[in-house]
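Chain by chain, the residues run as shown.
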Amino acid sequence: MNDMINLSRRSFIKSTALVAGGLVVAFSIPQAKRFMGVANAAEAMPLPAPNAFLRIGADDSITVMLAHSEMGQGVWTTLPMLIADELDADWSKVKVEHAPAAPAYIHTAYGIQITGGSSTTWSEFDRYRQAGALTRALLLQAAAKQWNVPVAGLRTENGAVINGKKKLTYGQLVETASQLETPTSVTLKKPEQWKFIGKATKRLDSAEKINGTAKFGQDVQFDGLKVAMVARSPVFGTKLKSVDDSAARQVPGVIKVVKVPTGVAVIAEYYWAAKQGREALKLAWDLDGHDKPDSAALLKQYQALAQQPGVQAAKAGDIASASKQAKHTITAEYVLPYLSHAPMEPLNCAVKISDQGCDIWTGTQMQTTDQAAAAKILGLKPDQVKIHTQFLGGGFGRRANPRADFVSEAVEVAKAAGLPVKTVWSREDDVKGGFYRPMFVHRATVALDQQGKPLAWQQTLVGQSIIKGTPFEGVMIKDGIDATSVEGVADSPYVKGTANHQVHLHSVQSDVPVLWWRSVGHSHSGFVMESLIDELAHASKQDPLAYRRQLLKDHPRHLAALNLAADKAGWGKPLPSGVFRGIAVHESFGSYVAQVAEVSVKEGEVKVHRVVVAIDCGLAVNPDGVKAQMESSVAYALGAALSSEISFKDGQVVQSNFHDYQVLRMKDMPKVDVHIVASKEKMGGVGEPGVPPLAPAVANAVFAATGKRIRRLPIGDQLA
Amino acid sequence: MKLNINGKETDLNVSDDMPILWAIRDVAGMTGTKFGCGMAQCGACTVHLDGQAIRSCVTPVSAAVGKKITTIEAMQEDKVGQAVQAAWQQIDVVQCGYCQSGQIMSATSLLKQNPTPSDADIDAAMSGNICRCGTYQRIRTAIHEAAAKLA
């Protein structure tokens, strides 16, 4: 402990108390403000114990502990920037580690340790700065003590305390600082004093990710660690009837075959042996009489439901009487498929059970639920389960499962095998393994007046709830409405700005496992709302940009993003022959993103040439990181819009790998120009808000190019 | 079985049909080369076999006997590999990073065959490498940057 600053435990204990007793299953989310983009959630938190968030070594190294997981979004760089500014750190000395699963690292707004909801930067903005500032104050006190001078005459710069011409590096002060009491208050710097915050900063994880040394969960290896693959049911919700593993056991390298709740696990020395062993299993599943989802039948069922009243999610005025004044009435039905997250790194989780507890190595977005689930399976206390978070080879929500599916299964495998085991998924397992963005059908009827202004807006949504049956049900489902199903519709400025409106929801029951997928409900609602608005603009013969400006005139942040994107794209100015524009703007996770897509359609093929993005996320802590996330969102959303779809036939998932679950490739990547609105507004997220406007911007451009309205995703061969 | 990995003769106890990917990762313990799809669809497993970019997830070790396997771990000693890695850092290409070993191996192979690739050349050479974080625009820029540095 000599090289660590050992601070008062007071605030640590206080924050521990927040979750004491309730950690295992009662995931109370005291400030479940996920949908409001709360920027100041940390205000109510006690000052952090700085040693939970950073360690200073005698060698001057500054190790920042990440309470959140790095999955590409850049928090490995952004959170250290927050500390570095307040600490006056030497940036070249900064190292980063994922924090363990522990109460000190619970999300300042959600009450569990989680990376999701595009919330890391805003939710840690105060806590990480405070940790830096508290540590700096301590180091100043330590220097004052060593020099026997008042603190007031000292300053800090680039990793050292300075007194006139004398200098002590932070590493030289660690010993003294560790004897001191933590300050009880601290003053944070003013924005004009920031050296890092707001400046484009290169990633700290770049070097190890380009030379092959970065460790992902998949890369965890140690003596005695075996590899398992699990044979799972081909139809969700069905059980194993019988297994003949005699041939599997003969495969060289196969060690054991064990039953687990999700199926049959083949444990082997290597992946290749586990795979061959699994292929040699003879399995029978109890499929008789079980519901077998079929995409064509589901579509009919959803379409029928969309024409019936559901549970009311929003209501104002009187739709029926207002509709009588209508000049035009537009009715449209939109269909969106199940989607797989398909992160590049297939799921995996290494588990070692010992007399003392359990160690888990994995890439996860939700340590608390994984820890609780593992503890429950093993009859341990949560703190006996150590989670070693590795780099995530993509998350997009798939690695944030409240049901802890892949971690629970890996724990079951290690428990049944009696060996340390890394359970790995193939790509086929991932594509067929469920936890999809749910399929949705929206049906909307909008009545317009003479000027094209909506008089009445009725919309019904049909789709599975991603929250039902999870520990979040209590706080995220109110009066039968899963807030994530209707976000982007029930709170849409267009709907709320229409005096007479009504939003209904049918939450369909199914055994198909569903989960949040980058931008959650906004991944479908953004497409529907911004396509519908385009329909309304055309029905009332107005320019789509001008029409939106009129409806959003009381929404300055929407307008700022919309106007910046339109301006930078040269809206209204000529384009090369055959190229057409579409526009969309959508708020999600506290940020406002507008996009203009430039598209041509030739022989039924959609080509997106350029996407101009404007985002108002409040303060952009790392502007280049914001740009990277906008580029990423365009690519992720464009692949889905053009070609991704999970479908069912006779109860089974049709797709299996990247040849039939198609995602965006280099040849289809448009040029992406990103512009950040200079904004002093509340901070929002950046990981997800770039996703929702992309599909409608492209589809609206397709309409401009062809006159065909895309009301079903993916676009696929609809234009052929 | 004797395999030449990054210039070293390595004796690995593997069956003929084991894909090079798993021999490198699970048996030789070199984890820089990644598993993404297992059917040559995503390019995460790209290595060079006698200088040619191949998908190691579908190429059995028997095909590598008497040939030279080069992986991401050796790119720092390769002039073109170095330039590509430097450009990747300069442009800040990576996000989650999982696909980047494969991207760099494909890009290095491209630049060795075509020192001045156009965007169309890049699209053709790199479309077998999927990046779910969508770093494609920066990859394109970084390849041009590396090409310029090498010229």
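Worth saying up front: this structure is predicted, and the values here are computed from it rather than measured. Each chain carries its own residue numbering, running from 1 in the written order of its sequence. Each chain gets a letter, beginning with A, and each ligand a number, beginning with 1, in the order they are written. Side-chain atom pairs in this predicted model are given and counted only at pLDDT of 80 or more, local residue features only at pLDDT of at least 70, and totals for whole chains, interfaces and linings cover all residues.

For chain A, the helix and strand inventory stands at 21 helices and 28 strands. Over its C-alpha atoms chain A spans a radius of gyration of 27 Å, differing by no more than 12% from the 27 Å that the globule rule assigns to 720 residues. Partly exposed residues are those whose C-beta has more than 12 but fewer than 20 other C-beta atoms within 10 Å; 20 or more makes a residue buried and 12 or fewer makes it exposed, with C-beta atoms placed from the backbone. Relative to its full complement of 720 residues, chain A shows a buried share of 57%. Note on conventions: DSSP H or I runs of at least 4 residues are helices, E runs of at least 2 residues are strands, and numbering of each starts at the N terminus. The globule rule used here is 2.2 Å times the number of residues to the 0.38 power, and the radius of gyration it is set against is calculated over C-alpha atoms.

Right, let's talk about the overall build of chain B for a bit. Along the backbone of chain B there are five helices and five strands. Rg of the C-alpha trace for chain B: 15 Å, near the compact-globule value of 15 Å for 151 residues, within the 12% margin. With respect to the three principal axes, the spread of C-alpha positions in chain B is 40 × 30 × 25 Å. Considering chain B as a whole, with its 151 residues, one finds that 60% of them fall into the buried category. The contact rule is simple: place each C-beta atom from the backbone, and if two of them lie within 7 Å, those residues are in contact. Of all intrachain contacts in chain B linking residues separated by at least 6 positions in sequence, the fraction that spans at least 24 positions is 62%.

Here chain B shows a mean pLDDT of 98. Residues at 70 or above account for 100%. Scoring the predicted complex yields pTM 0.94 and, for the interface, ipTM 0.98. The score called pLDDT rates the predictor's confidence residue by residue, from a low of 0 to a high of 100.

The subject of this paragraph is the domain arrangement of chain A. Residues and elements named next belong to chain A. Here chain A is partitioned into domain 1 (10-210), domain 2 (217-288 + 347-424) and domain 3 (295-338 + 436-706). Each side of the interface is counted separately: domain 1 has 15 residues, and domain 2 has 21 residues. Each residue gets one label: Ala, Val, Leu, Ile, Met, Phe, Trp, Tyr, Cys and Pro are nonpolar, Asp, Glu, Lys and Arg are charged, and the others, such as Gly, are polar. Of the residues contributing to the side of domain 1 that touches domain 2, the split by class is eight nonpolar, six polar and one charged. Where each domain begins and ends is defined by an automated method or by a domain database.

Let's shift gears to the sheet that holds strand E1 (residues 54-56) of chain A. Strand-to-strand pairing in sheets goes through backbone hydrogen bonds, with the strands running parallel or antiparallel. Residue and element names in this part refer to chain A. The three strands lie next to each other as E1-E2-E3, forming an open sheet whose pairing is mixed. If you trace the sheet from one side to the other, it starts and ends with E1 and strand E3 (94-98), each paired once. On average, each strand axis in the sheet is inclined to that of its neighbour by 20 degrees, with strand direction left out of account. The sheet contact formed by E1 and strand E2 (residues 62-66) spans three bridges and is antiparallel. Paired with Arg55 across the two strands is Thr63, which belongs to E2. Note on geometry: axes are C-alpha line fits, over the in-contact stretch for helices, and angles between N-to-C directions span 0 to 180 degrees. Relative to E2, helix H3 (residues 75-87) is tilted by about 120 degrees, and along the sheet it contacts E1, E2 and E3. Should DSSP find at least two bridges between two strands, the strands are regarded as paired.

On to the sheet that holds strand E17 (residues 421-424) of chain A, then. Residues and elements named next belong to chain A. One open sheet accounts for seven strands, arranged E9-E10-E7-E17-E14-E15-E16; its pairing is mixed. Edge positions in the sheet fall to strand E9 (254-260) and strand E16 (385-389), since each of these pairs with one other strand and no more. Neighbour-to-neighbour, the strand axes of this sheet turn through a mean angle of 25 degrees, independent of strand direction. Direction of pairing for strand E7 (residues 226-232) relative to strand E10 (residues 263-268): antiparallel, over a ladder of six bridges. Within the sheet, the bridge partner assigned to Met229 lies in E10 and is Val266. The strands touched by helix H12 (residues 405-417) are E7, E9, E10, strand E14 (348-353), strand E15 (358-362) and E17; relative to E9, the strand with the most contacts, the crossing angle is about 120 degrees.

Attention shifts here to helix H18 (residues 544-551) of chain A. Every α-helix winds through 3.6 residues per turn, so residues three or four apart in the chain are directed the same way. All names here are of chain A. Of the positions making up H18, those classed as buried are Pro544, Leu545, Tyr547 and Arg548. Along the axis of H18, the buried residues cluster in a sector spanning 160 degrees; they form a single face. If you follow the buried residues of H18, they end up packed against helix H17 (522-539), helix H19 (556-569), strand E23 (580-588) and helix H21 (694-706). In this description, the arc belongs to the directions extending from the helix axis to the C-beta atoms.

Let's shift gears to the interface of chain A and chain B. In this complex, chain A contributes 50 residues to the contact, which on the side of chain B involves 44 residues. Counting residues per element, the ones that place at least two in the side of chain A that touches chain B are helix H6 (206-210), helix H8 (271-279), helix H20 (623-642) and strand E28 (671-676) of chain A. Sort the elements by how many residues they give to the side of chain A that touches chain B and H20 of chain A lands first, with seven residues. Broken down by class, the residue content of the side of chain A that touches chain B amounts to 25 nonpolar, 13 polar and 12 charged.

On to the domain arrangement of chain B. By a widely used convention, the size of an interface equals the accessible area lost when the partners come together. Residue and element names in this part refer to chain B. Looking at chain B, the domain boundaries give domain 1 (2-74) and domain 2 (75-150). Between domain 1 and domain 2, the C-alpha centre-to-centre distance is 20 Å. Contact with domain 1, which involves 15 residues of that partner, is made by 15 residues of domain 2. It is strand E3 (residues 46-49) that contributes the most residues to the side of domain 1 that touches domain 2, three residues altogether. Per-class residue counts for the side of domain 1 that touches domain 2 are seven nonpolar, seven polar and one charged.

Two faces, one strand: in a regular strand the side chains alternate between the faces of the sheet. All names here are of chain A. With nine of 12 residues buried, strand E24 (residues 591-602) lies mostly within the body of the structure. Connecting E23 to the antiparallel partner E24 that follows it, the hairpin turn spans two residues, and Phe589 within it adopts a positive phi of roughly 55 degrees. If you look at the hairpin formed by E24 and strand E25 (residues 605-616), you'll find two residues sitting between the two strands, and Glu603 has a positive phi there, around 50 degrees.

Residue and element names in this part refer to chain A. Running from N to C, H17 and H18 cross one another at 105 degrees; their axes reach a closest spacing of 9 Å. Classified by the angle between their axes, H17 and H18 sit roughly perpendicular to one another. Here Ile533, Asp534, Leu536 and Ala537 of H17 lie close against H18, whose contacting residues are Pro544, Tyr547 and Arg548. Looking at the contact of H17 with H18, its residues break down into five nonpolar, no polar and two charged. Throughout, the term roughly parallel applies to angles under 35 degrees, roughly antiparallel to angles over 145, roughly perpendicular to angles from 65 to 115, and oblique to all others.

Take the nonpolar core next. Residue and element names in this part refer to chain A. Put simply, a nonpolar core is buried Ala, Val, Leu, Ile, Met, Phe, Trp, Tyr and Cys residues tied into one set by C-beta atoms within 7 Å. Counting residues in hydrophobic clusters, the biggest one holds 271 residues, and the most contacted among them are Ile83, Ala561, Ala565, Val613 and Val698. Among the elements that line this core, the one with the most residues is helix H4 (residues 120-147), at 11 residues. Setting aside chain neighbours within four positions, we find Ala561 in contact with Val585, Tyr592, Val593, Ala594, Ala614, Ile615, Asp616 and Val677.

Residue and element names in this part refer to chain A. Its 28 residues place the ends of H4 39 Å apart at the C-alpha level, agreeing with the 40 Å of an ideal helix rising 1.5 Å per residue. One fitted axis covers the seven residues ending at a residue, a second covers the seven starting there, and the bend at that residue is the angle between these axes. Of all the bends in H4, the greatest measures close to 35 degrees and is centred on Asp126. Across the 28 residues of H4, 23 count as buried, placing the element largely inside the fold. Of the residues one or two after H4, Asn148 is the one with positive phi, at around 60 degrees. Here, expected helix span is obtained from the residue count minus one, scaled by 1.5 Å.

With that settled, consider unusual backbone geometry. Residue and element names in this part refer to chain A. Cis peptide bonds are those with omega within 30 degrees of zero, and the linkage from Leu713 to Pro714 qualifies with 0 degrees. With respect to the helices and strands, the residue Pro714 is situated in the segment after H21. Positive phi values are uncommon outside glycine, yet Phe589 reaches one of about 55 degrees. Mapped onto the elements of the fold, Phe589 is located in the loop between E23 and E24. Using a count of 27 C-beta atoms within 10 Å as the deciding quantity, one classes Phe589 as buried.

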